[in-house]
Amino acid sequence: MVANPGGGSTDAGGGPVRHIPVLLDEVLSALAPAPGKLILDGTFGAGGYSSAILAAGAEVIALDRDPTAIASGQAMVAAHGGRLKLVHSQFSHLADHAPQGGLDGVVLDIGVSSMQIDEAERGFSFQKNGPLDMRMSAAGVSAADVVNRAKVADLIRIFHFLGEESQAPRIAHAIEKRREEKPFETTRDLAGLIELVTPRKMKDKIHPATRVFQALRIFVNDELGELAQALFAAEAALKPGGRLVVVTFHSLEDRIVKKFFSDRAGKASGSRHLPVAHERAATFAAIGKPMVSASEAEAEINPRARSAKLRAGLRTEAAAEAADMSLFGFPNLASLGKLGG
């Protein structure tokens, strides 16, 4: 959830941006926390949303896949006398942590946190040299595994689809040639090669490595698949009248959320030229505007908010539909399981 994916999160003076919850007022308006309600915060991070939800009187179950966030949040757990439960878990598994009676709300703030970006040892940013890692959970396949082991055709697909990088073939072939001599180990090692292959032009607003770093981060953490599974899980875990609020920072993520809510609106299947095959009951109704973005005032204070988009839905009485990943039309990318070791 950064305005400069792959780079550092900085303010106008070049220093690190302290963590500020994005679209906080809009999130609270859509989520409607209140005493007696149970809200699941699927992306705890520094606890910005959870803190505001607790202040409104609701109880919170908060998840985070990053063990560092879980450790850092223990003081906040202790301070709220049992009203906050903090769980080390991916948000795609959120339904496993919901009570039998269901949840009153789910909020998801998608992406990598500014805290992770600012830690050189996590390997998310090329602004600070560090190991080529990028794992939010600190386990599994790293970005170095992908860069050093993936086939060129797979690297091209990853960079093109997940990073929308037009120079994907050129960069992938350069990586293949260089890794035969010496494997990539650090963030600046990879960024330096990309800058040589695709030099920065005067008109470019971002570093040439930005899109590749974004693609690797999304791939390593299966961010799009996690988001899709989390939407299905929220549909299953919310009680009627429950609210799902999602904040995204990238067009790929936003398209997934938009497509999900559109599909769950209960539109009839079939062609306009043919009789309706069957009516589908809506599992979500719209809350407010279809999409809400940050105001200019917020974007000035918090640059990370500039690309943020909020979409929200109200859970109906209809039964949850099947978790069919084909809804999103994801391409076939390399298997993470075959790249580790």
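Because the structure is a prediction, the values reported are computed rather than measured.

Enquirer: Account for the pairing of strand 5 (residues 238-248), naming residues and giving values.
Expert: Relative to strand 5, strand 4 (residues 103-109) runs parallel, the two sharing six bridges. Bridge pairing links Val106 to Leu244 in strand 5. Bridge analysis of strand 5 against strand 8 (residues 309-315) gives six bridges, and the strand direction is antiparallel. If you follow Leu244 over to strand 8, its bridge partner there is Gly313.

Enquirer: How would you sum up the packing of helix 7 (residues 152-163) against helix 8 (residues 168-181)? Please name residues and give values.
Expert: Their axes nearest at 8 Å, the elements helix 7 and helix 8 cross at an angle of 140°. In this view, helix 7 runs oblique relative to helix 8, as classed from their interaxial angle. The two elements helix 7 and helix 8 cross, and the hand of that crossing is right-handed. Contact residues: Val152, Leu155, Ile156, Phe159 and His160 in helix 7; Ala168, Pro169, Ile171, Ala172, His173, Ile175, Glu176 and Arg179 in helix 8.

Enquirer: Now, about the packing of helix 8 against helix 9 (residues 187-197): what can you tell me, with residues and values included?
Expert: Any two packed helices are characterised by how steeply their axes cross, that is the angle between the axes, and by the distance between the axes. Between helix 8 and helix 9, whose axes approach to 10 Å, the crossing angle comes to 125°. The angle between helix 8 and helix 9 places the two elements in the oblique class. Here helix 8 runs over helix 9; the crossing is right-handed. For the pair formed by helix 8 and helix 9, the contact residues are Arg170, Ile171, Ala174, Ile175 and Arg178 on the first element and Asp189, Leu190, Leu193, Ile194 and Val197 on the second.

Procedures and definitions
Residues numbered from 1 in each chain as written. Predicted model: local features only at pLDDT ≥ 70, side-chain atom pairs only at ≥ 80, totals over all residues. Heavy atoms only, no water. Pairing = 2+ DSSP bridges. Helix = DSSP H or I, 4+ residues; strand = E, 2+ residues; numbered from the N terminus. Axes fitted to C-alpha atoms, helices over the stretch in contact; angles between N-to-C directions. Parallel < 35°, antiparallel > 145°, perpendicular 65-115°, else oblique. Left-handed = near helix turned anticlockwise from the far one by under 90°. Contact = heavy atoms within 4.5 Å.

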